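Listed here are the chains, written in short residue letters.
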Amino acid sequence: MAKTRIFVAGHKGMVGSALVRQLESKANVELVVRDRTELDLTDQAAVSAFFEREQIDQVYLAAAKVGGIWANNTYPAEFIYQNLMMECNIIHSAYQAGVQKLLFLGSSCIYPKLAEQPMRESALLTGVLEATNEPYAIAKIAGIKLCESYNRQYGVDYRSVMPTNLYGPNDNFHPENSHVIPAMLRRFHEAKQRGDAQVVVWGTGKPMREFLHVDDMAAASVYVMELANEQYRANTEPMLSHVNVGTGVDCTIGELAQAIADVVGFDGEISFDTSKPDGTPRKLMDVSRLKRLGWQASIELRDGLAMTYRWFLDHQDDFRA
């Protein structure tokens, strides 16, 4: 029996590498991957030729230009252009090559800045986006609408999943450019090594955030991709077809900091610099659609933090500033 040839776009990123780990355990799958030196996903002709040549059966579109607030503010043209080009090239070339199944991975930033909490899929396009990452969010919204439009016009089966805040192996632990969990893991680790008496956390510690281990994200992605078409369509709408992926549980930044201190073994004081901004008070995904489809997260936050810290310790030489 022929194996299913699956192209994971963005296989070296945190999510893409988790998808590879998830898929390579399946006996009936033949993975196809290309790094950016082998295939420029913003090059329409190159992507088209790749799909014509490789006879791909399924696509997981995890490739994206990503970054924090500073990067989004500094390079807005790059964020919207590169993400739009990658999505358009992959989705259109996949369709032209006869690929019937594709999964697009988006971001929770697609929702309005003041969306009601928890954020339901139906909140999409109901309000103003967060200004700092609007170009990136617009590109991700376009990816959802590309999938839905190709489904409507061409009868393909292209689906979208929207993850909450992710963490885990292959995250970015850069001291300035990383997100909150890898930044804190590194900061508490280095404070423990130096014997510091305290670690200072920005803000009041009161904002609430939801976190999902990337291995859970990969498992959910494969689950949604493999759902029977009838079940997927019965729980979504043609032009509101994306599925939130998260835990449905959040915690305060203060609680997160204490959990990370416990995992790292830092027993000093945790203080809060209230002169620094808190950001949005709360960001929580409504995952009831995903639960109706039959999936929910299995990795508890403390367990996931411990797993991620062990991975960081094994790879910390790669993160020397």
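This text goes with the structure placed above it.
Only a predicted model underlies this, so the values are computations on that prediction, with no experimental measurement involved.

Chemist: Before we move on, can you summarise the environment of Ala197 with the specific residues and values?
Modeler: Tracing the backbone through its elements, the reader meets Ala197 in the loop between helix H6 (180-194) and strand E7 (198-202). We classify Ala197 as exposed; its relative accessible area is 63%. Sequence separation between Ala197 and Ile270 is 73 residues, and the spatial gap between their C-alpha atoms is 8.9 Å. The contacts of Ala197, once residues within four sequence positions are left out, are Phe266, Gly268 and Glu269.

Chemist: Break down the packing of aromatic side chains for me, citing the residues and quoting the values.
Modeler: A complete count under the given rule lists 11 aromatic pairs for this structure. Ring centres of Phe7 and Phe50 lie 4.6 Å apart, and the angle between their planes is 55 degrees; this geometry places the pair in the tilted category. Of this pair, Phe7 sits in strand E1 (residues 4-9) while Phe50 sits in helix H2 (residues 44-54), and the two are 43 residues apart along the sequence. Summarising the aromatic geometry, the rings of Phe188 and Phe266 are spaced 5.5 Å apart at their centres and angled 75 degrees between planes, so their arrangement reads as edge-to-face. With Phe188 in helix H6 and Phe266 in the loop between helix H9 (253-264) and strand E12 (269-273), the pair connects residues that are 78 residues apart, well separated along the chain. Here Phe188 falls in the buried class, since its relative accessible area comes to 1%. Here a set of aromatic residues connected by ring pairs shows up, and it is made of Phe173, Tyr309, Trp311 and Phe312. A cation sits over an aromatic face here: Arg159 above Tyr232, 4.3 Å from the ring centre. Taking NZ or CZ as reference, Lys276 lies 5.2 Å from the ring centre of Trp202, over its face.

Chemist: So what's going on with the nonpolar core? Which residues, and what values?
Modeler: Formed by 41 residues in total, the largest nonpolar core has its most connected members in Phe7, Leu41, Phe51, Val59, Ile90, Leu102 and Tyr158. Taken together, the elements giving at least two residues each to this core come down to E1, H2, strand E3 (58-61), helix H4 (76-96), strand E4 (101-105), helix H5 (134-154) and strand E5 (157-163). In terms of residues, this core owes the most to one element, H5, which gives 7 residues. Among all residues touching Phe51, those that are not within four sequence positions of it are Phe7, Ile56, Val59, Ile90, Ser93, Ala94, Ala97 and Val99. Counting residues in each nonpolar core, the second largest holds 31 residues, with Leu23, Val214, Ala219 and Leu293 among its members.

Chemist: Which residues make up the pairing of E4, and what values do they have?
Modeler: E4 sits mainly inside the fold: 5 of its 5 residues count as buried. Here E4 shows two buried faces, one formed by Lys101, Leu103 and Leu105 and the other by Leu102 and Phe104. Note that E3 and E4 share 4 bridges and pair parallel. The residue bridging Gln58 from the neighbouring strand is Lys101, located in E4. Examined bridge by bridge, E4 and E5 share 5 bridges and lie parallel to one another. Each residue of the ladder has a partner; that of Lys101, found in E5, is Asp157. What joins E4 to E5 is H5, and the crossover it makes is right-handed.

Chemist: Go over the pairing of strand E2 (residues 29-32) with me, naming the residues and quoting the values.
Modeler: Sheet analysis places E1 next to E2, joined by 4 bridges and oriented parallel. What sits directly across from Arg5, in E2, is Glu30. With respect to chirality, the unit in which E1 leads through helix H1 (residues 14-23) into the neighbouring parallel E2 is right-handed.

Chemist: Please provide a residue-by-residue account of empty space enclosed by the protein, values included.
Modeler: Overall, the coordinates contain 1 cavity of 30 Å³ or more when judged by the stated rule. Of the pockets and cavities examined, the largest cavity occupies roughly 40 Å³. Lining the largest cavity are Asn151, Tyr158, Tyr232, Arg233, Thr236, Glu237, Pro238 and Ser241. For the lining of the largest cavity, the class distribution of residues is 3 nonpolar, 3 polar and 2 charged.

Parameters at a glance
- Residues numbered from 1 in each chain as written.
- Predicted model: local features only at pLDDT ≥ 70, side-chain atom pairs only at ≥ 80, totals over all residues.
- Heavy atoms only, no water.
- Helix = DSSP H or I, 4+ residues; strand = E, 2+ residues; numbered from the N terminus.
- Buried < 20%, exposed > 50% of the residue type's maximum accessible area, 1.4 Å probe, protein only.
- Contact = heavy atoms within 4.5 Å.
- Phe/Tyr/Trp six-rings, centres within 6.5 Å; stacked < 30°, edge-to-face > 60°.
- Lys NZ or Arg CZ within 6 Å of the ring centre and 35° of its normal.
- Core = buried A, V, L, I, M, F, W, Y, C linked by side-chain atoms within 4.5 Å.
- Pairing = 2+ DSSP bridges.
- Right-handed = clockwise from strand over helix to strand, strands pointing away.
- 1 Å grid on protein atoms, 1.4 Å probe; cavity = no way out; pocket = protein on both sides within 12 Å on 5 of 7 lines; lining within 4 Å.
- Points joined across faces, edges and corners; volume = space filled by probe spheres on them.
- Nonpolar A, V, L, I, M, F, W, Y, C, P; charged D, E, K, R; others polar.

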